[in-house]
Amino acid sequence: MYRVKEAFYTLQGEGAQAGRAAVFCRFSKCNLWNGREKDRASAVCNFCDTDFVGTDGQNGGCFDSPQALAAHILALWPDAPGAPYVVCTGGEPLLQLDEPLIQALHEVGFEVGVETNGTLPAPEGIDWLCVSPKADAPVVITDCDELKLVYPQPLAPPERFLSVRAKHYFLSPMASPAVPDHEPDAIKQSNTRKATDYCLAHPQWRLTLQMHKILGID
Ligand SMILES: C[S@@+](CC[C@H](N)C(=O)[O-])C[C@H]1O[C@@H](n2cnc3c(N)ncnc32)[C@H](O)[C@@H]1O
Ligand SMILES: Nc1nc2[nH]cc(C(=O)O)c2c(=O)[nH]1
Ligand code: SF4
Ligand SMILES: [Mg+2]
């Protein structure tokens with residue numbers, strides 16, 4: 001059984017695939033936070049900007065088989081030319097994404113992207129793997145397509161993650177989870193300045209912004 005909080009068609013807002021149309025499949029549950037506000041401060045990851053609790057979001061639900069979930073995702077892709085792309089996120093997608101689901105998504109024509117915190121092994125067959133490390137959670141994935149570090153995390157200096165092999169190394173300014181999406185806030189502005197300065201001083205790192213929030217889309 002796969003538990004999905006929500007699924008929606010939008011543009012990838014972050015990283016090297018930013019601007020590409022994709023169906024986002026947001027899996028329920030995370031291994032670094034239970035998603036309850038009262039437990040945020042004591043969680044391993046405490047800056048999360050996302051509600052991943054339950055299956056009650058748009059196009060959310062429980063799916064009995066890989067084929068059922070793949071068909072549900074396919075129904076959200078438009079009838080138009082262009083390589084179908086799905087981004088599996090969450091919550092932590094690697095708690096649920098397995099090889100049968102990747103195979104079922106490939107069978108209906110999707111390239112499969114994944115957004116993960118990197119603490120769990122990745123199944124075979126993922127086409128684009130983005131690892132976003134969290135300060136207090138050891139990364140077990142050694143190779144990925146992009147490493148996207150939310151910055152600044154005082155206990156996670158970017159240098160620490162250069163041992164994870166990646167085609168691209170990104171810094172993404174930390175947004176304050178307390179402020180609603182689509183509204184700039186002072187904390188975000190100062191984090192964006194800090195990330196900019198780090199990239200200027202360390203050119204192997206690139207800046208990525210959460211474009212969907214700037215645009216006011218999902
Ligand atoms: C909600 S997470 C879900 C996937 C996975 N659990 C992870 O952490 O990568 C999706 C992306 O949002 C990023 N993110 C979460 N909270 C954020 C925040 N407050 N500001 C900027 N990026 C954030 C994560 O680091 C990750 O790259
Ligand atoms: N448009 C859009 N792009 C995204 N890239 C990563 C996201 C995520 O929450 O994993 C995300 C998201 O939630 N929306
Ligand atoms: S950012 Fe990712 S790892 Fe952190 S609580 Fe949110 S879903 Fe979990
Ligand atoms: Mg998001």
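Just above sits the structure.
Not measured: the values here are computed from a predicted model. (Residues numbered from 1 in each chain as written. Chains lettered and ligands numbered in written order. Predicted model: local features only at pLDDT ≥ 70, side-chain atom pairs only at ≥ 80, totals over all residues. Heavy atoms only, no water.)

A.B. asks: I'd like to hear about a nonpolar patch on the surface, residue by residue, with values.
C.D. replies: Taken together, the side chains of Leu207, Leu209 and Ile214 define a hydrophobic patch exposed on the protein surface, amounting to about 260 Å² of accessible area. Locating leucine 207 in the fold gives a position in strand S9 (residues 205-207). Taking relative accessible area as the criterion, leucine 207 reaches 35% and is therefore assigned partly exposed. (Patch = residues over 30% accessible without salt bridge, like charges linked within 9 Å, V, L, I, M, F, W, Y side chains within 5 Å. Areas by Shrake-Rupley, 256 points an atom, 1.4 Å probe, with all protein chains shown as cover. Salt bridge = Lys/Arg side-chain N within 4 Å of Asp/Glu carboxyl O. Helix = DSSP H or I, 4+ residues; strand = E, 2+ residues; numbered from the N terminus. Buried < 20%, exposed > 50% of the residue type's maximum accessible area, 1.4 Å probe, protein only.)

A.B. asks: Please give an account of the pairing of strand S1 (residues 2-11) that cites residues and values.
C.D. replies: Extensive coverage of S1 is indicated by the burial of seven of its ten residues. Sheet topology note: the S1/strand S3 (residues 61-63) ladder contains three bridges and is antiparallel. Note on S3: the bridge partner recorded for tyrosine 2 is phenylalanine 63. By the bridge criterion, seven bridges tie S1 to strand S2 (residues 21-27) in an arrangement that is antiparallel. Each residue of the ladder has a partner; that of tyrosine 9, found in S2, is valine 23. (Pairing = 2+ DSSP bridges.)

A.B. asks: Tell me about the nonpolar core, residues and numbers included.
C.D. replies: Counting residues in each nonpolar core, the largest one holds 40 residues, and the members touching the most others are Leu69 and Leu105. Beyond its immediate stretch of four places on either side in the chain, leucine 105 contacts Ala70, Ile73, Val86, Cys88, Phe110 and Val112. (Core = buried A, V, L, I, M, F, W, Y, C linked by side-chain atoms within 4.5 Å. Contact = heavy atoms within 4.5 Å.)

A.B. asks: Help me get a handle on the sheet that holds strand S8 (residues 165-173), residues and values and all.
C.D. replies: Reading across from one edge, S3-S1-S2-S4-S5-S6-S7-S8-S9 is the order of the nine strands in this open sheet, with mixed pairing throughout. What marks the edges here is a single partner per strand, and that holds for S3 and S9. Sheet twist, expressed as the average angle between the axes of neighbouring strands with direction ignored, equals 30 degrees. Seen against the sheet, helix H1 (residues 66-74) touches S1, S2, S3 and strand S4 (85-89) and runs at an angle of roughly 135 degrees to S2. On top of the sheet, helix H3 (residues 186-201) reaches strand S7 (143-151), S8 and S9; it is set at about 145 degrees to S8, its chief contact. (Axes fitted to C-alpha atoms, helices over the stretch in contact; angles between N-to-C directions.)

A.B. asks: Describe the site of ligand 2, with residues and values.
C.D. replies: In the region of ligand 2, the neighbouring residues are Thr10, Leu11, Gln12, Gly13, Glu14, Phe24, Arg26, Thr89, Glu115, His212 and Asp218. Measuring from a nitrogen atom of ligand 2, one finds a side-chain N or O atom of glutamine 12 at 2.5 Å. Bound to the protein, ligand 2 loses 91% of the 330 Å² it would expose on its own. For the shell around ligand 2, the elements supplying multiple residues, two or more each, are S1 and S2. The residue makeup of the shell around ligand 2, split by class, is two nonpolar, five polar and four charged. (Near = heavy atom within 4 Å. Polar contact = N/O pair within 3.5 Å; in protein donor to acceptor, adjacent residues only side chain to side chain. Nonpolar A, V, L, I, M, F, W, Y, C, P; charged D, E, K, R; others polar.)

A.B. asks: Describe the site of ligand 3, naming the residues involved and giving the relevant values.
C.D. replies: The environment of ligand 3 is formed by Cys30, Leu32, Trp33, Cys45, Cys48, Phe52, Gly91, Asn117 and Lys134. When its residues are assigned to classes, the shell around ligand 3 shows six nonpolar, two polar and one charged.

A.B. asks: Describe in detail the pattern of salt bridges, supporting the description with residues and values.
C.D. replies: Tallying each qualifying case throughout the model produces 13 salt bridges. Residues aspartate 56 and lysine 5 are paired through a salt bridge, measuring 2.6 Å at the closest nitrogen-oxygen approach. In this pair, aspartate 56 is assigned in the loop between S2 and S3 and lysine 5 in strand S1, connecting sequence segments 51 residues apart. Assessed through its relative accessible area of 62%, aspartate 56 is described here as exposed. For the salt bridge of aspartate 39 with lysine 38, the shortest nitrogen-to-oxygen distance reads 3.2 Å. A relative accessible area of 67% places lysine 38 in the exposed class. Here the salt bridges share partners, and the residues they tie into one network are Lys5, Asp51 and Asp56.

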